[in-house]
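Remarks on the overall topology
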Amino acid sequence: MNRAQHLKLANAAVTRAERLAGDAEKYATNPDYPHKVAPLAAAATLWADIARTHTAIAAALPQMEV
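The sections below set out a description of the structure shown in this document. Here the residue numbers are simple positions, counted from 1 along each chain's written sequence. Residues qualify for local features only when their pLDDT is at least 70, as the model is predicted, and side-chain atom pairs are given and counted only at 80 or more; totals for whole chains, interfaces and linings, by contrast, use all residues. The side-chain values count all of the structure's non-hydrogen atoms but skip hydrogen atoms and water molecules.

Numbering of helices and strands runs from the N terminus; a helix is a DSSP stretch of H or I covering at least four residues, while a strand is a stretch of E covering at least two. If you tally the helices and strands in the protein chain, you get 2 helices and 0 strands. The C-alpha radius of gyration of the protein chain comes to 15 Å, more than 25% above the 11 Å expected for a compact globule of 66 residues. Principal-axis analysis of the C-alpha atoms places the extent of the protein chain at approximately 55 × 15 × 15 Å. Whether a residue is buried, partly exposed or exposed follows from its accessible area with a 1.4 Å probe, protein chains only, as a fraction of its type maximum: under 20%, in between, or over 50%, in that order. Buried residues in the protein chain amount to 18% of all 66 residues. Of all intrachain contacts in the protein chain linking residues separated by at least 6 positions in sequence, the fraction that spans at least 24 positions is 65%. Each accessible area value is a Shrake-Rupley result obtained with a 1.4 Å probe; residue values ignore everything except the protein chains displayed when judging cover. When the accessible surface of the protein chain is split by element, carbon and sulfur atoms take 60% of a total near 4900 Å². We score Asp and Glu as negative and Lys and Arg as positive, and we do not count His or the chain ends. Charge placement uses NZ in Lys and CZ in Arg. For Asp and Glu, CG and CD serve respectively. Averaging the locations of the 7 positively and 6 negatively charged side chains of the protein chain gives two centres separated by 6 Å. Only C-alpha atoms enter the radius of gyration; for comparison, a globular chain is expected to reach 2.2 Å times N to the power 0.38, where N is the number of residues. Contact between two residues is taken to exist if any of their heavy atoms lie within 4.5 Å; hydrogens are not considered.

Right under this line is the structure:
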């Protein structure tokens with residue numbers, strides 16, 4: 001994988017983390033679904049970690065010349 005591919009995957013992971021965190025926030029304010037908050041927040045954290053990992057790998061790779 002090259003740098004651009006890792007950055008693309010990082011961007012996708014950030015988007016997914018953001019969506020899951022938003023869902024967790026929505027359910028946190030709904031008294032009918034408190035059981036959904038922790039799993040959604042955990043999944044959001046995992047995807048944020050994946051995004052950080054891809055970003056770190058991309059930063060370590062040489063930049064491609066255009």
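Side chains three or four residues apart in an α-helix point the same way, a direct result of the helix having 3.6 residues per turn. The terminal C-alpha atoms of helix α1 (residues 3-28), which comprises 26 residues, lie 37 Å apart, in line with the 38 Å expected from a rise of 1.5 Å per residue. Among the residues making up α1, those that are buried are His6, Ala10, Ala13, Ala17, Leu20, Ala24 and Tyr27. Among the structural elements, α2 (37-60) are those in contact with the buried residues of α1. Whenever a nitrogen or oxygen atom comes within 3.5 Å of another N or O atom, the pair is scored as a polar contact, on the condition that within protein one atom can donate a hydrogen and the other can accept it, and that pairs from neighbouring residues in sequence are kept only if both atoms are in side chains. Capping the start of α1 is the job of one residue whose side-chain oxygen sits 3.1 Å from the backbone nitrogen of Ala4: Asn2. The span you would expect from a helix comes to 1.5 Å times its residue count less one.

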